[in-house]
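Observations on the three-dimensional arrangement
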Amino acid sequence: MNTKPQTVRRTLRQYFSELGLLLDNPLSGFEVYQQRWGDVVPLPIPGLRAFQITHPEQVGVVLKIPHRDQMATKSLKDLLGEGLLTNQEDDWHWRRRIIAKPLGPKAITAFVDDMFRLTESWFARLNPEGREVDVTPELMGLAFDILIHTVFGANIKIDKDSILSLLEQYMREFTLDNTGWRRWLPPFIVTPGRRQRRRAIAGMQDLIRTAIAQRRAAPESDDLLYRLMTARDEEGNSLNDEQLRDELLTMILAGYDTVALMIGYSLWLLARHPAIQQQVHEELKAIIADGPINAETLARLPLLNTVLDESLRLFPPAYIIGREADKDLDLNGFQIKRGDQLLVPLWVVHRDPRWWQAPDAFRPERWLNGETAHLPANAFFPFGGGPRLCVGGHFAKLEGAIILATILRHSRVSDVNDDQLNLLASVTLRPVDGIRLRFHNHSPA
Ligand code: HEM
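Below you will find a few notes about this structure. Computed from a prediction, not measured in an experiment: that's the story for all the values here.

Counting its secondary structure elements, the protein contains 18 helices and eleven strands. For 445 residues, the compact-globule estimate of 2.2 N^0.38 gives 22 Å, and the C-alpha radius of gyration of the protein, at 22 Å, lies within 12% of that figure. Here the C-alpha coordinates of the protein stretch approximately 65 × 55 × 45 Å along the principal axes. The 445 residues of the protein split such that 40% are buried. Sequence separation of at least 24 residues holds for 73% of the intrachain contacts in the protein that already meet a minimum separation of 6.

Structure follows, in structure tokens:
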């Protein structure tokens, strides 16, 4: 038996060229590392022990590691506090149980009518037919509106424009703190940008605190905040105001641009595949026609739902997941030490020809024709996996299906982008130049 620990030996030239790739274009960097070195690769980052993991078997091991101070989420803690995403404490299980219930597949069907109504009026306001539209900011606005409406209901006065602009300020400064020269500065040095980041946090926390107070004073209703506020564990314990604030900020941060990107990429893919778009249109005509979109009709749209899956496969908005090793372990012969950073690029696993036929092709039918029946576990995991699986996954898919169905039953879309989308691997996977589409009225049957 070969017990010699595995290692990767780069020449100095390889080291610097691979480091350059990581800084310039991480997505192709991830691909090159896998092709050149395999499924467990020490990353060429000076002063940091970090590994890229791309085999589903080892991805499964990584996803089961409890959250500790991993790079990926640690730096969001100033905003999200002990919310689910950044929580590393013993009370994570408890919080997770309380929060998962109101976001479960059955519970969220209560939000379908509002999601549909908000999407219909957004589409009427946008009035895109005959025009060219960058759908990215428009979908971000819609997904944000839906989230705020679902969380706070109709009766709480909340300044959603201020939250959105503070959140954008925060994310801008967050990105500069993590990718620009500021990342080399020790945390105690306060730059104007860092001051701005703190002000944005204080502003958002204030707005959410006021909304929670209003909700506590108002009569019962069916919004998510009320459900979270009244959710109890077996002993009757519930979330206090500070816990609620952290959870709401977490949902707001995690739950709108990811959804908007999923829909934006789906539309772009459909625009480039008119025959598939036509099939989706036929499906919508047969099941929904001009009637309302509701939980029952949505469940009868297999092709539309697989378009979302195929888009999440090709363009996973959360394109990388990180964990910090909680103990020494052996991954495929590599000796991982406690404290090492383990990074799983979904981007690579989702396009790996070992698991996917025609991996770069948009083929929603692969989800219906049996082709994906034998996928190994963790070859497709747009919402993560293990105990930290996205708590909003059902919500996201439901919302995505409603928005996509609403748009496509009104319009046909064609694309005006160049051949490829110019992607930026930021906090989420973003199209740098937007997603420009042309909308056409469906010709009457
Ligand atoms: C297409 C949309 C979405 C994608 C692709 C996505 C993706 C993910 C992924 C990959 C994780 C796991 C992160 C990790 O393992 O470190 C995650 C966690 C999480 N997501 Fe989502 N998400 C989406 C929508 C949402 C929505 C709509 C919400 C809230 C309403 C939400 C709330 C959360 C929360 C709270 C966590 C942390 C769960 C925990 O650690 O217990 N997400 N998401």
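We are not done yet, so read on.
In this structure, Ile53, Ala143, Leu267, Ile402, Leu404, Ala405 and Leu437 are the most contacted members of the largest nonpolar core, which totals 114 residues. Leaving out residues up to four positions away in the same chain, Leu437 has contacts with Val133, Val135, Leu267, Trp268, Ala271, Val413, Ser414, Asp415 and Val416.

Let us look at the sheet that holds strand S4 (residues 320–324). In any sheet, the strands associate via hydrogen bonds between backbone groups, in a parallel or an antiparallel arrangement. With mixed pairing, four strands are arranged side by side in an open sheet as S1-S2-S7-S4. The open sheet terminates on both sides in strands that have one partner only, identified here as strand S1 (40–42) and S4. Between one strand axis and the next, the sheet turns by 25° as a mean value, whatever way the strands run. The strands touched by helix H2 (residues 26–37) within the sheet are S1, strand S2 (50–53) and strand S7 (341–345), with S1 carrying the most contacts at an inclination of about 110°.

We now examine the environment of Thr7. Within the fold, Thr7 resides in the segment before helix H1 (12–24). Residue Thr7 is classed as exposed on the basis of its C-beta count, with 10 C-beta atoms lying within 10 Å. For the pair Thr7 and Val40, spaced 33 residues apart in sequence, the C-alpha separation works out to 9.2 Å.

Take Glu168: it is sitting in helix H9 (residues 160–179). C-alpha of Glu168 to C-alpha of Ala200: the two residues are 32 residues apart in sequence and 8.9 Å apart in space.

An ideal rise of 1.5 Å per residue puts 16 Å on twelve residues; H2 measures up with 16 Å between its terminal C-alpha atoms. Along H2, the residues classified as buried are Gly29, Phe30, Tyr33 and Gln34. Seen along its axis, H2 keeps its buried residues to an arc of 130°; they face one direction. In H2, the exposed residues that point more than 90 degrees away from the buried face are Gln35 and Arg36. Residues of H2 that are buried make contact with H1, S1, S2, S7 and helix H17 (346–349). Looking at the residues trailing H2, positive phi occurs at Gly38, about 115°.

Turning our attention to the site of the ligand. Neighbouring residues of the ligand: 22 residues in total, closest Gly255, Thr258, Gly384, Cys390 and Gly392. Residue assignment for the shell around the ligand shows that the elements contributing at least two residues are helix H12 (241–254), helix H13 (257–272) and helix H18 (393–410). Of the residues assigned to the shell around the ligand, the class counts are 15 nonpolar, five polar and two charged.

On to the pairing of S7. With five of its five residues buried, S7 lies for the most part within the structure. The alternating pattern of S7 places Gln341, Leu343 and Pro345 and Leu342 and Val344 on opposite faces, both of which are buried. Of the strand pairs in this sheet, S2 and S7 are connected by three bridges, and their pairing is parallel. In the sheet register, Ala50 faces S7, and the bridge partner there is Gln341.

Counted at 1.5 Å a residue, the expected span for H1 with its 13 residues is 18 Å, and the 18 Å between its end C-alpha atoms agrees. For H1, a buried count of one out of 13 residues is recorded, marking the element as mostly open to its surroundings.

This part covers the sheet that holds strand S8 (residues 411–415). Read across the sheet, three strands follow the order S3-S11-S8 without closing on themselves; strand pairing throughout is antiparallel. Edge positions in the sheet fall to strand S3 (132–134) and S8, since each has one partner strand and no second. On average, adjacent strands in this sheet sit at an angle of 40° to one another, irrespective of strand direction. As paired elements, S8 and strand S11 (residues 436–441) share five bridges and run antiparallel to each other. Paired with Val413 across the bridge in S11 is Phe439. Packed on one face of the sheet, helix H8 (residues 135–152) meets S3 and S11 and runs near 60° to S3.

Analysis parameters
Residues numbered from 1 in each chain as written. Predicted model: local features only at pLDDT ≥ 70, side-chain atom pairs only at ≥ 80, totals over all residues. Helix = DSSP H or I, 4+ residues; strand = E, 2+ residues; numbered from the N terminus. Rg over C-alpha atoms; globule rule 2.2 N^0.38 Å. Buried ≥ 20, exposed ≤ 12 C-beta atoms within 10 Å, placed from the backbone. Contact = placed C-beta atoms within 7 Å. Core = buried A, V, L, I, M, F, W, Y, C linked by C-beta atoms within 7 Å. Pairing = 2+ DSSP bridges. Axes fitted to C-alpha atoms, helices over the stretch in contact; angles between N-to-C directions. Expected span 1.5 Å × (residues − 1). Arc of directions from axis to C-beta. Near = placed C-beta within 6 Å. Nonpolar A, V, L, I, M, F, W, Y, C, P; charged D, E, K, R; others polar.

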